Amino acid sequence: MTRFRYLGVAAKQLITLFTFVLIVFIVFEWLNIKDESQRIKSKFESEAQQAIDKTNQLLYNYQENIKQVLLILSKQHNILSQENDEEIKKYLQEYCENTPYLIKNYYIKKQDGRIISNNQIFLDIIGRAKLDEIVNIVKANTAGISWTEPYHSPISFNTIAFAVPYREKGSFEVTSTILAEINMDYIETLIRPGNFLNAKTMVVLTASGRPVVYDKNSILLPLIMKNGTEEIDSVFLDILCNLNNGMDTVTYGGKKMYAIKDSGKALGYALIVLADQRLVDNDIKKLYQSILATLATMLAVLFGVIYITTYYFTRPITKMAARMDRVMDIEKFIPFQTSRRDEVGILAGSYNSMMERIRELAREIREAESKKKEYELKMLQSQIGPHFLFNTLACIGSLANQYRVEEVRETIRDLVNLLTFSFDKTSEFVTLEEELDGLESYVRIQKVRYGGMFEYRATVPEEAYECKIPRLLLQPLVENSIFHGIKPKKENGIGIVDIKCIMKDGYLLIKVRDNGIGMEKGKVESLLNGSAEKKDGGRFNSIGLMNVYERIRLYYGDGQEFRFLSRKGRGTVIIIKLDCKKL
């Protein structure tokens, strides 16, 4: 770090910029690798889930086909109700020939213990096998179809038995049991776990964890010889049974695998897709290598570009650029001192001249803006609303017709006082006491016009009366409360316009509150940009809320406060905070 301090500006810039870009590149590529790794795993998971969903659908369709076959058979009352076993056997043989890919053998066990089958000869020779056990399962579930775990039948070999209770037509009593041993070879052909690549395989487990279908040629499955057949190792089988649904990892016998498990609805079987972890990790490894090679190339090129740019182009103007960046306030600008006579010296002199000219122009703009605002305000003050004068004079005429002389005299006095206060051009600023005096004249005129529709309150501490504020600052705020808050109010009750002033640490805080109808955000925005006030012809003058805000910002700067808070149905509050020490 000490050596770095004594390096030149160009060397520091080179090292700093290259280090920064290197970090950015490493972070970016790390995030990219992370995203791509997740994408590769997600792709594998998606492909495995698609295979599981397809297998689930096949098993579900197979289950539904068997149900339909057995249900149709159970409705053949004219055949199954006969006492002639030969007729029933013949019908079962014909029925079995129509569904050879689904069912290998049908059995019907009567209440008296007789068993009738489409393969009666083999049944009589070999025996009943597990039929009595299956019948007991059906007796425990007389409401619908039942099925067994996979087992070995002397007639159907590896199979699963499905059974439904049989009832005579119009009776609820179970008189027989219809059984069917399915074609397991067809299920294995249907699912075909061997269709996966050698590094992937699928295992189908029953609800009790017994394997139904698995690829005996897969290198991923640990198989052992048992009773002359290859079966999955029981320890590995327990691991598969204990897996949660979704993606997980499995380690067994030194092999690491990804496992996707889905406890399917068809037959209650669980489907598990296994994949060699190296298959997925190799894709990620190739991605790492590709990204690292690209990163190394880009960094080498970037280093060369930064080196050339730093030492041959940017070094002469580094100091001046830093000085330019530090200019935050044009009024506090410090000229750039240099003794150079080359392009850098010319640039520095032009820069100093430019900044001086900018400072002069900024000063001229502020003065012009101030004069413009002042002229605009004087023009707005002089634009007394004709509707306001008309309505006020109409009220005075009405009072005169009613011989209410004292009220006529007071109203005329208030109008003259308001006009005198508005047209006074001696100063743009008045004391808070003078502003409130003019405001009270305006409020009394509005009370003559609207009667007892609202009450006006003002709470002002003694020390605030001498605070200087812009002329006609409060009148537009009160006018807004009357016209847009209280006047549209349709409920019973008297409206209230309340002004509260607080002096604290040389700041004057003014709150103008009303209990009118309040307004939505769109109405507030229209008032602040002046569009709503342009439609209102009954105003005293053309000074609106937007003009009040602009004058506050002009005279007091952006640090002053002007807040407009309104809630529909509750009323409106306008808060102004002014620095009395500025005027």
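Every chain is numbered on its own, with residues counted from 1 as its sequence reads. Whole-chain, interface and lining totals are the exception, using all residues; otherwise, since this is a predicted model, local features are given only for residues with pLDDT of at least 70 and side-chain atom pairs are given and counted only at 80 or more. Side-chain numbers come from the whole structure's heavy atoms, not from hydrogens or water.

It is worth spelling out the packing of aromatic side chains at this point. Aromatic pairs are defined between Phe, Tyr and Trp rings, using the six-membered ring for Trp, whenever the two ring centres lie within 6.5 Å; interplanar angles under 30 degrees are classed as stacked, those over 60 as edge-to-face, and all others as tilted. Summed over all chains, the structure comprises 5 aromatic pairs. Here the aromatic rings of Trp147 and Phe162 are separated by 5.8 Å at their centres, their planes lie at 35 degrees, and the arrangement is tilted. Of this pair, Trp147 sits in strand E3 (residues 146-147) while Phe162 is found in strand E6 (residues 161-167), placing the two residues 15 residues apart along the sequence. Remark: exposure states derive from per-residue accessible area (1.4 Å probe, protein chains only) relative to the maximum for the residue type, with buried under 20%, exposed over 50%, and partly exposed in between. For Trp147, a relative accessible area of 30% puts it in the partly exposed group. Arranged with centres 5.3 Å apart and planes meeting at 55 degrees, the rings of Phe236 and Tyr252 form a pair that is tilted. Here Tyr252 lies in strand E12 (residues 246-252) and Phe236 lies in helix H8 (residues 234-241), a separation of 16 residues in the sequence. Note on criteria: charge over ring means Lys NZ or Arg CZ within 6 Å of the ring centre, with the direction from the centre no more than 35 degrees off the ring normal. The aromatic ring of Phe421 is capped on one face by Arg471, whose charged end is 5.1 Å from the ring centroid. Lying across the ring of Tyr507, Lys577 places its NZ or CZ 5.0 Å from the centre. In this description a helix means any DSSP run of H or I spanning at least four residues, a strand means any run of E spanning at least two, and both kinds are numbered starting from the N terminus.

Moving on: the pattern of salt bridges. We define a salt bridge as a contact between a side-chain nitrogen of Lys or Arg and a carboxyl oxygen of Asp or Glu at a distance within 4 Å. Using the criterion set out here, one finds 14 salt bridges in the structure. Its salt-bridge partner being Arg444, residue Asp414 comes within 3.0 Å of it at the nearest N-O pair. In this pair, Asp414 sits in helix H13 (residues 405-423) while Arg444 sits in helix H14 (residues 432-450), placing the two residues 30 residues apart along the sequence. Overall, the relative accessible area of 38% leaves Arg444 in the partly exposed class. In this structure, Arg563 and Glu561 form a salt bridge, with 2.5 Å as the shortest nitrogen-oxygen distance. With relative accessibility at 39%, the residue Arg563 sits in the partly exposed group. Among the charged side chains, a salt-bridge network with shared partners connects Glu83, Asp85, Asp112 and Arg114.

Mapped onto the elements of the fold, Gln63 is located in helix H2 (residues 9-74). Overall, Gln63 belongs to the buried group, its relative accessible area being 6%. Residue contacts are defined here by distance: any two heavy atoms, one from each residue, within 4.5 Å place the two residues in contact. In contact with Gln63, not counting residues within four places along its chain, are Trp147, Ala266 and Leu267.

With that settled, consider the confidence of the model for the protein chain. Interpretation of the predicted coordinates at a detailed level should be avoided for regions scoring low in pLDDT. As a per-residue measure, pLDDT tells how confident the predictor is, with possible values from 0 to 100. When the pLDDT values of the protein chain are averaged, the result is 79; 80% of them are 70 or greater. Of all secondary-structure elements in the protein chain, the lowest mean pLDDT belongs to helix H17 (residues 531-534), at 54, while strand E19 (residues 507-514) reaches the highest, 93.

Let us look at the sheet that holds strand E8 (residues 200-205). Paired through their backbone hydrogen bonds, the strands of a sheet run either parallel or antiparallel. What makes two strands pair is DSSP finding at least two bridges between them. One open sheet holds the 5 strands; their spatial order is E9-E8-E14-E13-E12, and the pairing between them is antiparallel. Both edges of this open sheet fall to strand E9 (211-214) and E12, since each of them pairs with a single strand only. For this sheet the average axis-to-axis angle between neighbouring strands, irrespective of direction, equals 25 degrees. As paired strands, E8 and strand E14 (residues 270-276) are joined by 6 bridges and run antiparallel to one another. Considered in E14, the bridge of Val204 is made with Leu271. H8 contacts E8, E9, E12, strand E13 (255-263) and E14 of the sheet and is inclined by roughly 160 degrees relative to E12. Only the stretch in contact is used when fitting a helix axis, every axis being a line fitted to C-alpha atoms; angles between N-to-C directions are given from 0 to 180 degrees.

To estimate how far a helix should reach, multiply one less than its number of residues by 1.5 Å. Taking 1.5 Å of rise per residue, 19 residues should cover 27 Å, and H13 covers 27 Å from first to last C-alpha, within 8% of that figure. For H13, every residue scored as buried is listed here: Val408, Thr411, Asp414, Leu415, Leu418, Phe421 and Ser422. Projected down its long axis, H13 carries its buried residues within an arc of 165 degrees, all on one side. What the arc describes is the spread of directions from the helix axis to the C-beta atoms.

Moving on, we get to the environment of Leu243. Mapped onto the secondary structure, Leu243 falls in the loop between H8 and E12. Residues Leu243 and Lys261, spaced 18 residues apart in sequence, show a C-alpha to C-alpha distance of 7.1 Å. Discounting residues that sit within four places of it in the chain, Leu243 has contacts with Asp248, Val250, Ala259 and Lys261.

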